[in-house]
Structure formats: C-alpha cells, structure tokens
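As a plain string of letters, each chain reads:
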Amino acid sequence: MDRLGVDGAPAARRQLERRLGTFSAAAVLVGSTIGSGIFRVPSTVLDQVGTLGASAVLWVLGAVFAMCGALTVAELAAMHPRSGGIYVYVRQAFGPVPAFLFGWTQLLVIRPSALGALAILFAAYAGTFVPLGDVGERVLVAALVSLTAIALFLADPAQGAMAGPVEWAPTTWGGFGLALVGVMWAYDGWADLTFVAGEVRDPGRALPRALLLGTALVAVTYLAVIAGYYFALNLSEIAASELVAADAAERVMGRGGGAAVAGMVMLSALGALNGSTITGPRIFWAMADDGLFFRRVAAVHPRFGTPHVAIVLCACLGIT
C-alpha cells in the first residue's frame, strides 16, 4: 500500500519545492490566460451579437464569471494546497475514479490540443522559441496596456464604434449565448494556477491573493483593450476583422502598428504556451503521485526540482 501524505494522498519519493511567491504565482495565471483570444475573439463576439452594448455586456459578464470562479477556486486551493489543482479537488470530493477520468481527459485530449494550437499559432509568426518567464508576462501586459492607451488617446473617436448611439439588445439571444462561450474561452486559464499549488510558498495566503490579483489584472486589461478597439474601429470593421488588434493599431499608427501587434501576438502565444507547459504537467505528476498513473511520471528532477518526466510527456503529446 502506498504511503499517505498531505490530504490523505499517497506521498511521492520527493515532493515539489515551494518556490513561488504571490506575484510569481499571479504571473503564471496571467501567462496561462492571455493567449490569442483577446486578439481574435472580439470580432467574433460582435459579429454574433450585432450591437456594441450587448458585446460590452458580454465582456463584463466574462470578467464577473472569471472572478467568481477565482474566488471559488481560491477557497479550494487554500484547503488543498497540492499540485494538481482541479484534479485534487475532484479526487477529494468524488474519489479516485472521477479524478482518474478527469486526469486522462486532460492527458489525451485537452492539454495536447491546447499546447499544439498555441505552438502552431506562434510558429506562424516566428521560427524561433525563446523562454518567457515572469518578466515576459509583465512585458506582455505592458504591451497590451500600451496598445490600449494608443487607441484611446490617438484614435479619432468620430471613426470608432462609440461615435454613434449604443444599442444594448443583441440581434439574437442565441447569438448572445454563443458569443458568451467565446468570451469565456478568452478568459479561460485562471484555474491553471491551482495546478502548481504545491509549489507556492505560504499557500493559505499566497494562493487566494494570486488568484484574485491575476484574474483581476486579466479582467481589467481585457476590458481596457476592448474599449480601445471600440474607440479606434467602427462596428462593421470590428465584426469583419480577422485580427482586430492589428487593424486597430494600423488605423492609429499605420502599417508599422500592424507589425508591432503581430509581434505582440507572438509574445502572447508564447506566454500562454509557457504557462500551459508549467501548469499542465502538474496534473499528470499528481496522478502519478496518487498511484493513478505510471509511478515514474511522479519523478522530481534532483537539481532543478521540477517534474521533468511529466513535462517531457506533456510536450511530446502536444507535439503529436
């Protein structure tokens, strides 16, 4: 029988070290959340709802739902500060079988698809891979804020969607529901921080703070960026745009602005890929630590203190 550790789960031969502070943990959340969605989803959302007011309501609703989710997960993370996140909570609440199914769904479908999609998006813009850490996440947020400020202060408001009267009712409520799915996809990632809960110092205090801080930062940034789009472009331009951020930047700064946004998309995709590579393997590590996966996957690197086998496994699945 396996030895039992914290939370009644089988103890691994060596546990992951608690190195992350509040701000580093929040950076993991931000990096896992801000991917390509904010650069693409706004045009789809507006095309589905048809009105500026309904679109704005959706993005605010997305922020509210994300904050509610973060508050819920913050409580669970403080109660069960183990790496694995939602897998751990499912195991504690419903037992090993549902947790096993959740983990294998992540292993075979969700994580490989997410990593592959992000890698392909980045490869479309760059031929090299550069590691992106906490500093890179802050640079990404700063770049988004800069784009927003440029759109708000340099764009001609008479040409933007905010120039005319605002209609609040969507074209169809079915479209409103579909658009909400897209909005929530753009906000998705706030729960990924819980996957590295076992590596956060003073988790009872740091995890809730990092979850709320990171989610709030993403929400504020998204709402500001959306306002910048509406300020620079009109409704038909936003709805028809394939890369709304690039079009908004080109409207304000010319072709050079569009090139700058292409670089931001690269940075954003790389940041999300980096965040997913950090968080996702911890699910498989926790499964192996609990005896629900190959024991070797629970190995911790003797020098770097990372779940290196789980990371390699996750990377290989993403490549395939």
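Keep in mind that what you see is a predicted model, and the values were worked out from it rather than measured. (Residues numbered from 1 in each chain as written. Predicted model: local features only at pLDDT ≥ 70, side-chain atom pairs only at ≥ 80, totals over all residues. Heavy atoms only, no water.)

1. Examining the overall build of the chain
As a reminder of what qualifies: A helix here means a DSSP run of H or I that spans at least four residues, while a strand means a run of E at least two residues long, and both kinds are numbered starting from the N terminus. Summary of the burial criterion: residues with accessible area below 20% of their type's maximum are buried, those above 50% are exposed, and those between are partly exposed, where the area comes from a 1.4 Å probe applied to protein chains only. Note on areas: Shrake-Rupley with a 1.4 Å probe; residue coverage comes only from the protein chains shown.
When helices and strands are counted, the chain shows 12 helices and 0 strands. Taken from N to C terminus, the helices and strands of the chain fall in the order α-α-α-α-α-α-α-α-α-α-α-α. Within the chain, buried positions represent 51% of all 320 residues. Total accessible area on the chain stands at roughly 14100 Å², and carbon and sulfur atoms take up 68% of it.

2. Re the layout of surface pockets
What counts here: The rule is simple: put a 1 Å grid over the protein atoms alone, call a set of points where a 1.4 Å probe fits but cannot get out a cavity, call an open set with protein on both sides within 12 Å along at least five of seven lines a pocket, and count a residue as lining if it has an atom within 4 Å of a point. Grid points are joined across faces, edges and corners, and a volume is the space filled by probe spheres set on the points.
The space that makes up the second largest pocket amounts to roughly 500 Å³. Along the wall of the second largest pocket there are 22 residues; nearest its centre are Ser32, Ala114, Trp185, Asp188 and Ser276. Elements with a minimum of two residues in the lining of the second largest pocket: helix H1 (22-33), helix H5 (96-123), helix H7 (173-187) and helix H11 (255-289). A per-element tally of the lining of the second largest pocket places H5 first, with 7 residues.

3. Here's the deal with the packing of aromatic side chains
We apply this condition: Side-chain rings of Phe, Tyr and Trp, where Trp is taken by its six-membered ring, are said to pair if the distance between their centres is within 6.5 Å; with planes under 30 degrees apart they count as stacked, over 60 as edge-to-face, and otherwise as tilted.
Tallying each qualifying case throughout the model produces 7 aromatic pairs. For the ring pair Trp59 and Tyr222, a centre distance of 6.3 Å and an interplane angle of 85° mean the geometry is edge-to-face. Highlighted residues: Trp59 in helix H3 (residues 52-79) and Tyr222 in helix H8 (residues 203-232), separated in sequence by 163 residues. As far as the burial class goes, Trp59 and Tyr222 line up, both buried.

4. Re the confidence of the model for the chain
Test applied: Values of pLDDT, the confidence the predictor places in each residue, fall between 0 and 100. Contacts: residue pairs with any heavy atoms within 4.5 Å of one another.
For the chain, mean pLDDT is 81; residues scoring 70 or higher make up 81% of the total. Within the model, pLDDT remains below 50 along residues 1-12, and this stretch shows 31 contacts once partners closer than five positions in the same chain are excluded. Between residues 127-132, whose pLDDT stays under 50, and residues either more than four places distant or in other chains, the model counts 10 contacts.

5. A word on the nonpolar core
Most often, soluble globular proteins keep nonpolar side chains buried together rather than apart. What counts, and what does not: Among buried residues, the Ala, Val, Leu, Ile, Met, Phe, Trp, Tyr and Cys ones that are joined through side-chain atoms within 4.5 Å form a nonpolar core.
Ranked by size, the top nonpolar core spans 80 residues in total, and within it Ile38, Trp59, Tyr187, Leu193, Tyr229 and Phe284 carry the most contacts. Filtering out sequence-adjacent residues up to four positions away, Ile38 remains in contact with Trp59, Tyr222, Val225, Ile226 and Tyr229.

6. Things to note about the environment of Ala26
Within the secondary structure, Ala26 sits in helix H1. Considered as a pair, Ala26 and Leu217 are 191 residues apart in the sequence and their alpha carbons are 9.0 Å apart.

7. Thoughts on the side chain of Thr279
Tracing the sequence through the fold places Thr279 in helix H11. When neighbours within four sequence positions are excluded, Thr279 is seen to be in contact with Val28, Ser32, Arg111, Asp192, Phe195 and Val196.

8. Details of the pattern of salt bridges
Filter applied, for reference: When a carboxyl oxygen of Asp or Glu is within 4 Å of a side-chain nitrogen of Lys or Arg, the pair counts as a salt bridge.
Under the criterion given, the structure shown has 7 salt bridges. Taking the shortest distance from any N to any O, the salt bridge between Asp289 and Arg82 comes out at 3.2 Å. One end of the pair, Asp289, is in helix H11; the other, Arg82, is in the loop between H3 and helix H4 (86-94), and 207 residues separate them in sequence. A relative accessible area of 7% places Arg82 in the buried class.

9. Considerations on the environment of Leu292
Here Leu292 lies in the loop between H11 and helix H12 (308-319). For the pair formed by Leu292 and Ala99, sequence separation is 193 residues and the distance between their alpha carbons is 8.9 Å. Sequence-distant contacts of Leu292, that is, excluding residues within four places in its chain, are made with Tyr87, Pro96, Phe100, Trp104 and Met287.

10. A short note on the packing of H1 against H8
Heads up, the condition is: Here the axes come from fitting lines to C-alpha atoms, over the contacting stretch only for helices, and the angles between their N-to-C directions go from 0 to 180 degrees. Oblique is the label for any angle not covered by the other classes, which are roughly parallel (under 35 degrees), roughly antiparallel (over 145) and roughly perpendicular (65 to 115). Note: crossing handedness is left-handed where the near helix turns anticlockwise from the far helix by less than a right angle, and right-handed where it turns clockwise. For this classification, Asp, Glu, Lys and Arg are treated as charged, while Ala, Val, Leu, Ile, Met, Phe, Trp, Tyr, Cys and Pro are nonpolar and the rest, including Gly, are polar.
Between H1 and H8, the shortest axis-to-axis distance is 8 Å and the interhelical angle comes to 40°. As judged from the angle between their axes, H1 and H8 are oblique. You can see that H1 and H8 cross each other, and the crossing is right-handed. For the pair formed by H1 and H8, the contact residues are Thr22, Phe23, Ala25, Ala26, Leu29, Val30 and Thr33 on the first element and Ala206, Arg209, Ala210, Leu211, Leu213, Gly214, Thr215, Leu217, Val218 and Tyr222 on the second. Among the residues making up the contact of H1 with H8, the classes are represented as 12 nonpolar, 4 polar and 1 charged.

11. So, the state of the cysteines
To be explicit about the condition: By definition, disulfides here are pairs of cysteine sulfur atoms that lie within 2.5 Å.
All told, the structure shown has 0 disulfides when counted by the stated rule. We note that Cys314 lacks a disulfide partner, and the nearest cysteine sulfur, in Cys316, lies 9.4 Å from it. Cys314 sits in the buried class, given a relative accessible area of 3%.

12. Describing helix H10 (residues 244-253)
Two residues of an α-helix separated by three or four positions point the same way, owing to the 3.6 residues in each turn. Among all positions of H10, only Val244, Ala245, Ala246, Ala248 and Ala249 are buried. Phi turns positive, to about 85°, at Gly254, one or two residues after H10.

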